[in-house]
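In case you want the letters, here they are:
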Amino acid sequence: MTPENEAATRYFSAITAALSGLEVFMRDDRSPLYRHGIVAKIVAEYIARLDNSFSCWRNRLGFMETFRISRAESGFPVFQNVLELENDRRQADTRLANIPLADELREEMADFILRHKEFPEALQKSMAERLYLEGVRSETTFGPFTLAQTAKVSVNPKTGRPYYLVHWAAFDGSANLPLVYMVTVEDSSEEMIRQLVDRNGKLNDKVDIPLPVEGLLNPELAHRFDDFTEKNSAYTLSPATIAVNLDKDFEPLHPKQLRRVVLGPFYSAGITENNSTVSEVLAKVRKPENAWLLTWTIQEVYSKAEKPGRKGLFSSEKTTQEFFIDTDDLEAARQGVSSYEKHALIPHEAYQALYAAGEAQKIFSGYKVHILSKGQVISDV
């Protein structure tokens, strides 16, 4: 095994362990995030997509020699890998038609070994490509942009408007970070109110809504909403900016809360260079599969009040939201959020190494730390 392949194997083992641990954390009813219920469930679904992407990338190494990650920054694959995965997914059927079936390849490989007493490298690459393309075609991966879904519908008893919880995701091409978005938005469209709200101001139980619904529930705005989210999902845009843009661009939509989950940075011993102190300590961890640290940030911005619109003879103003930014917290103000939470997930062995080196308190300052031990996650350490 070449040093490059050995490093790639270590990286994939570490990131797979990290994502599996994060999924355990999201689905654990003792998790601090589980109190949000559907939020943790939605994030877990995107983590599963990301995990599928890494499974495909690992198979891709069987016939492609290079795989680049953002070593000095996010610790995640560079955006080009995400684009190539999406492109390969679209071409999978065409390419598979030109590769022999798996059973045929196995027979050819066995025959080649018997006749030539050598390992059939070309056939092995064809097999790896077939397995990769079959995986890309069948698995739901984390693409450059994932269209919105409506996950929940209810009615605000104070305003009498239906509201939706809508989520989508993007892999930011500049920061090389996976981003998950969720917005709670009220809809004042007359047609949607008529359909969804009964005489008692509650959700009309006679309307069958097969959740999750692809796109925004309001069909008249769904395509425009998709366009908006694709253009307003960059990491450089603050949650407040995205919420204000949404409020401004859609007259009948009233965003009440917007969350963004930023996955990363990811730190892996001997691979990433995004924090020298962390790298030095992780390098001392005995088992390579435990020499990693995954961080993520949950950002939230919410409306503290609604400014009523007005309709005049010569001009009119739409109803607008007043979003709360915690200016008493300099970091919250910098991020453009009402609040934020920084989390870190780390294997028990790696945490012990950081603690023994006297670095744990400094590294985890401001973080909620979660320790992965024997398939379980221990929080509040």
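Just so it is clear, the structure is predicted and the values come from calculations on it, not from any experiment.

Draft legend 1. Structural view of the overall build of the protein chain. Across its full length, the protein chain holds 12 helices and 12 strands. Principal-axis analysis of the C-alpha atoms gives the protein chain an extent of 85 × 55 × 35 Å. Within the protein chain, the proportion of its 381 residues that are buried is 50%. Across the protein chain, every contact between residues at least 6 apart in sequence was considered, and the portion connecting residues at least 24 apart equals 67%. Here the protein chain has roughly 19,700 Å² of accessible surface; of this, 48% comes from carbon and sulfur atoms. In the protein chain, 45 positive and 54 negative side-chain charges are present, and the distance between their average locations comes to 4 Å.

Draft legend 2. Layout of helix α5 (residues 121-138). In this model, α5 (18 residues) spans 26 Å end to end at C-alpha, consistent with the 26 Å of a helix rising 1.5 Å per residue. Among the residues of α5, those classed as buried are L123, M127, A128, R130, Y132, L133, G135 and V136. Contacts made by the buried residues of α5 are with α2 (38-60), α3 (79-96) and α4 (102-116).

Draft legend 3. Structural detail: the side chain of K318. By the element assignment, K318 lies in the loop between β8 (316-317) and β9 (320-324). A polar contact is formed between the side chain of K318 and the backbone oxygen of D247, at a distance of 2.4 Å. The contact partners of K318, leaving out residues within four places of it in the chain, are D247, K248, F250, E251, L253, K307 and G309.

Draft legend 4. Main features of the environment of R27. Assignment of secondary structure puts R27 in helix α1 (residues 3-27). It is 12 Å that separates the C-alpha atoms of R27 and G375, two residues lying 348 residues apart in sequence.

Draft legend 5. Focus on the pattern of salt bridges. Applying the stated criterion to the full structure yields 20 salt bridges. Of the charged contacts, one joins D93 and R137 as a salt bridge, the two residues approaching to 3.0 Å between their closest N and O atoms. Taken together, the positions of D93 in helix α3 and R137 in helix α5 put the pair 44 residues apart, joining distant regions of the chain. We classify R137 as partly exposed; its relative accessible area is 46%. R130 is the partner of E134 in a salt bridge, and the nearest nitrogen-oxygen pair spans 2.8 Å.

Draft legend 6. Molecular detail of the packing of aromatic side chains. If you walk through the whole model with that rule in mind, you get 19 aromatic pairs. Between the aromatic rings of Y11 and F266, the centroid separation amounts to 6.1 Å while the plane-to-plane angle is 75 degrees, which identifies the pairing as edge-to-face. One end of the pair, Y11, is in helix α1; the other, F266, is in strand β5 (residues 253-268), with 255 residues separating them in the sequence. Each member of the pair Y11 and F266 is classed as buried. An aromatic cluster is defined as three or more aromatic residues linked by ring pairs; in this entry it consists of Y11, F12, F54, W57, F67 and F266.

Draft legend 7. Highlighting the packing of α2 against α3. Look at α2 against α3: their axes get within 11 Å of each other, and the N-to-C directions meet at 85 degrees. Accordingly, the angle class assigned to the pair α2 and α3 is roughly perpendicular. Where α2 approaches α3, its residues S53, C56, W57 and R60 are matched on the opposing element by N81, V82, E84, L85 and D88. Its residues assigned to classes, the contact of α2 with α3 comprises 4 nonpolar, 2 polar and 3 charged.

Draft legend 8. Focus on helix α7 (residues 222-231). For α7, the complete set of buried residues consists of A222, F225, D226, F228 and T229. Down the axis of α7, the buried side of the element spans an arc of 165 degrees, and every buried residue falls inside it. Of the residues in α7, the exposed ones pointing more than 90 degrees away from the buried face are H223, E230 and K231. Packing partners of the buried residues in α7 comprise β1 (145-156), β2 (161-172), β3 (177-187), α8 (239-249) and β5.

Draft legend 9. Here's a closer look at the environment of L165. Within the fold, L165 resides in strand β2. With relative accessibility at 8%, the residue L165 sits in the buried group. Residues L165 and L217, spaced 52 residues apart in sequence, show a C-alpha to C-alpha distance of 9.7 Å. Beyond its immediate chain neighbours, meaning those up to four positions away, L165 contacts I38, I42, Q149, T150, A151, K152, M182, V183 and T184.

Draft legend 10. Main features of the side chain of H167. Here H167 is to be found in strand β2. A relative accessible area of 3% places H167 in the buried class. Here Y46 takes part through its side chain, which lies 2.8 Å from a polar atom of the side chain of H167. Excluding anything up to four places from it in sequence, H167 contacts I42, Y46, L147, A148, Q149, A151, Y181 and M182.

Analysis parameters
Residues numbered from 1 in each chain as written. Predicted model: local features only at pLDDT ≥ 70, side-chain atom pairs only at ≥ 80, totals over all residues. Heavy atoms only, no water. Helix = DSSP H or I, 4+ residues; strand = E, 2+ residues; numbered from the N terminus. Buried < 20%, exposed > 50% of the residue type's maximum accessible area, 1.4 Å probe, protein only. Contact = heavy atoms within 4.5 Å. Areas by Shrake-Rupley, 256 points an atom, 1.4 Å probe, with all protein chains shown as cover. Lys, Arg positive; Asp, Glu negative; His and termini not counted. Charge placed at Lys NZ, Arg CZ, Asp CG, Glu CD. Expected span 1.5 Å × (residues − 1). Polar contact = N/O pair within 3.5 Å; in protein donor to acceptor, adjacent residues only side chain to side chain. Salt bridge = Lys/Arg side-chain N within 4 Å of Asp/Glu carboxyl O. Phe/Tyr/Trp six-rings, centres within 6.5 Å; stacked < 30°, edge-to-face > 60°. Axes fitted to C-alpha atoms, helices over the stretch in contact; angles between N-to-C directions. Parallel < 35°, antiparallel > 145°, perpendicular 65-115°, else oblique. Nonpolar A, V, L, I, M, F, W, Y, C, P; charged D, E, K, R; others polar. Arc of directions from axis to C-beta.

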